[in-house]
Amino acid sequence: MPGVKEAMAAHPQAVIIAGPYGPAAAIVKQAHVTGWKPQFLTVSFVGTEEFIKEAGQDAEGTIITQVMPPYDRTEYPTVALYRSCLAKYSPGEPPSFVSFEGFVDAMVMVEASNRFTK
């Protein structure tokens, strides 16, 4: 990957990756194959669970920011609603940060639409 080689040449202590899990995992894995192990960071958009599966052990140490609370914290009303809707409308689908974030995004859009159409 030419991008990895270019980044390595700059000798950064940290590398921020903004993208989906596939390319992000490939970057981290390729860097580690060469022995280069800066602090990798990415955002929740990456798809945390899929990134970890795709990168395997190379995911270890990567910092992934999350803008959502953990989806198992059902004492939070929004998490409880998400889990309830997921079970009702997509039975068998496991919860994830990506679907939870999309759920909250949809809630915000519906609320905004309701406020502007009244």
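Everything below is about the structure printed above this text.
Student: Help me get a handle on the overall build of the protein chain, residues and values and all.
Tutor: On a plain count of helices and strands, the protein chain comes out with five helices and three strands. Counting from the amino terminus, helix and strand elements in the protein chain follow one another as α-β-α-β-α-β-α-α. In terms of overall dimensions, the protein chain is more spread out than a globule: its C-alpha atoms have a radius of gyration of 18 Å, far above the 13 Å expected for 118 residues. With the C-alpha coordinates of the protein chain rotated into their principal frame, the extents come out at 55 × 35 × 20 Å. The buried share of the protein chain, reckoned over its 118 residues, is 27%. Contacts spanning at least 24 positions in sequence make up 52% of the contacts within the protein chain whose residues lie at least 6 apart. For the protein chain, the centre of its 9 positive side-chain charges and the centre of its 12 negative side-chain charges are spaced 3 Å apart.

Student: Please give an account of the sheet that holds strand E3 (residues 63–64) that cites residues and values.
Tutor: Across a sheet, paired strands are connected by hydrogen bonds in the backbone, their directions being either parallel or antiparallel. Taken in spatial order, the three strands line up as E1-E2-E3 in an open sheet, and their pairing is parallel. The outermost strands of the open sheet, each flanked by one partner alone, are strand E1 (14–17) and E3.

Student: Help me get a handle on the pattern of salt bridges, residues and values and all.
Tutor: Enumeration according to the criterion identifies three salt bridges in this entry. Residues Arg73 and Glu75 are paired through a salt bridge, measuring 2.5 Å at the closest nitrogen-oxygen approach. Using a relative accessible area of 49% as the deciding quantity, one classes Glu75 as partly exposed.

Student: Tell me what's going on with the packing of aromatic side chains, and back it up with residues and numbers.
Tutor: The relation between two aromatic rings is expressed through the spacing of the ring centres and the mutual angle of the planes. Across all of its chains, the model carries four aromatic pairs by this definition. On the numbers, 6.0 Å between centres and 80° between planes, the contact of Trp36 with Phe40 is edge-to-face. By relative accessible area, Phe40 is classed as buried at 3%. With centroids separated by 4.7 Å and ring planes inclined at 40°, the aromatic side chains of Tyr82 and Phe100 adopt a geometry described as tilted. Placement of the pair is Tyr82 in helix H4 (residues 77–89) and Phe100 in helix H5 (residues 97–116), with a sequence separation of 18 residues. Residue Tyr82 shares its accessibility class with Phe100, and that shared class is buried.

Student: Can you lay out the nonpolar core for me, pointing to particular residues and giving the numbers?
Tutor: Of all hydrophobic cores here, the largest spans 14 residues; its most connected members are Ile17, Trp36, Phe40 and Phe51. Mapped onto this core, the elements with two or more residues apiece are E1, helix H2 (21–33) and helix H3 (48–55). The element that contributes the greatest number of residues to this core is H2, accounting for four residues. Excluding residues that lie within four positions of it along the chain, Trp36 makes contacts with Val4, Ala7, Met8, Pro12, Val15 and Ala31. Formed by nine residues, the second largest nonpolar core is a distinct cluster that contains Val79, Phe100, Phe103 and Val104.

Student: Explain the pairing of strand E2 (residues 39–42) to me, using residue names and the numbers behind them.
Tutor: Burial along E2 is one-sided: the face carrying Phe40 and Thr42 is buried and the face carrying Gln39 and Leu41 is not. Bridging between E1 and E2 involves four bridges; their strand directions are parallel. For Ile16, the partnering residue across the bridge sits in E2 and is Leu41. With H2 bridging E1 and its parallel neighbour E2, the resulting β-α-β unit is right-handed. One ladder, built from two bridges, connects E2 with E3; its direction is parallel. Its bridge partner being in E3, Thr42 is matched across the sheet by Ile64. Between E2 and its parallel partner E3, the chain crosses via H3, and the hand of that crossover is right-handed.

Reading guide: rules and limits
Residues numbered from 1 in each chain as written. Predicted model: local features only at pLDDT ≥ 70, side-chain atom pairs only at ≥ 80, totals over all residues. Heavy atoms only, no water. Helix = DSSP H or I, 4+ residues; strand = E, 2+ residues; numbered from the N terminus. Rg over C-alpha atoms; globule rule 2.2 N^0.38 Å. Buried < 20%, exposed > 50% of the residue type's maximum accessible area, 1.4 Å probe, protein only. Contact = heavy atoms within 4.5 Å. Lys, Arg positive; Asp, Glu negative; His and termini not counted. Charge placed at Lys NZ, Arg CZ, Asp CG, Glu CD. Pairing = 2+ DSSP bridges. Salt bridge = Lys/Arg side-chain N within 4 Å of Asp/Glu carboxyl O. Phe/Tyr/Trp six-rings, centres within 6.5 Å; stacked < 30°, edge-to-face > 60°. Core = buried A, V, L, I, M, F, W, Y, C linked by side-chain atoms within 4.5 Å. Right-handed = clockwise from strand over helix to strand, strands pointing away.

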